[in-house]
Amino acid sequence: MAFEKNVSLKGSGKTFRLNEQVKRYTLRDNGFEETKNGNFQMVRDLDNSVLNKQGIKVKIVVAADLKTLKVSTTTSNGLQTVNVYGKETMSAAKEQLEYILDSLVENGVLTEAAE
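Residues numbered from 1 in each chain as written. Predicted model: local features only at pLDDT ≥ 70, side-chain atom pairs only at ≥ 80, totals over all residues. Heavy atoms only, no water.

### Thoughts on the nonpolar core
At step 1: Judged by nonpolar contacts, the single largest core of 28 residues is most densely connected at F32, I60 and V84.
At step 2: Every element with two or more residues in this core is listed here: β2 (15-18), β4 (40-45), β5 (56-62), β6 (69-75) and α2 (91-106).
At step 3: With five residues, α2 is the single largest residue contributor to this core.
At step 4: Leave out the neighbours within four places in its chain, and V84 touches L46, I56, T73, M90, A93, K94 and L97. (Core = buried A, V, L, I, M, F, W, Y, C linked by side-chain atoms within 4.5 Å. Buried < 20%, exposed > 50% of the residue type's maximum accessible area, 1.4 Å probe, protein only. Helix = DSSP H or I, 4+ residues; strand = E, 2+ residues; numbered from the N terminus. Contact = heavy atoms within 4.5 Å.)

Here you go:
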């Protein structure tokens, strides 16, 4: 998956982009960790159950230049993409995902882009 200016998840009606004012410390304050190649990555579980090791994760990676990003929802091992908007059984994961994305918008990391 390549870095893009505007990203959206399959089935979601929302498109996001990085806030133009985002800084490295803003990303760190919001749970992103710097990778070896300078990118910033955040991985969060979308399953509230601590015991469930087979849960779905959201992975957000911001490029080192702070201009592009990529977002995906995957299985716990990260090998398969999961469409959380496609099944009604994933309503809890969808709700958690939307909470994380709304939180990042509220904290100035992302902005919602008009399509």
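### Concerning empty space enclosed by the protein
At step 1: A complete count under the given rule lists one cavity of 30 Å³ or more for this structure.
At step 2: A volume near 80 Å³ is recorded for the largest cavity.
At step 3: If you go around the largest cavity, the residues you meet are V7, S8, L9, S12, K14, F16, V71, Y85, E98, L101 and D102.
At step 4: When its residues are assigned to classes, the lining of the largest cavity shows six nonpolar, two polar and three charged. (1 Å grid on protein atoms, 1.4 Å probe; cavity = no way out; pocket = protein on both sides within 12 Å on 5 of 7 lines; lining within 4 Å. Points joined across faces, edges and corners; volume = space filled by probe spheres on them. Nonpolar A, V, L, I, M, F, W, Y, C, P; charged D, E, K, R; others polar.)

### Notes on the sheet that holds strand β3 (residues 33-34)
At step 1: Taken together, four strands build an open sheet; the order of strands is β3-β4-β5-β6 and the sheet is antiparallel. A single partner strand is all that each edge strand has here, and the edge strands are β3 and β6.
At step 2: Two strands pair when backbone bridges link them, and β4 and β5 are joined in this way by six bridges, in the antiparallel orientation. Of the residues in β5, the one forming a bridge with V43 is K59. (Pairing = 2+ DSSP bridges.)

### Let's talk about the pattern of salt bridges
At step 1: According to the stated counting rule, one finds four salt bridges in the structure shown.
At step 2: When the shortest N-O distance is used, the salt bridge between D102 and K14 registers 3.7 Å. In this pair, D102 sits in helix α2 while K14 sits in the loop between β1 (6-7) and β2, placing the two residues 88 residues apart along the sequence.
At step 3: The exposure class of D102 is partly exposed, given its relative accessible area of 37%.
At step 4: Given the relative accessible area of 28%, K14 is considered partly exposed.
At step 5: A salt bridge links K57 to D45; the nearest nitrogen and oxygen atoms lie 3.5 Å apart. Placement of the pair is K57 in strand β5 and D45 in strand β4, with a sequence separation of 12 residues. (Salt bridge = Lys/Arg side-chain N within 4 Å of Asp/Glu carboxyl O.)

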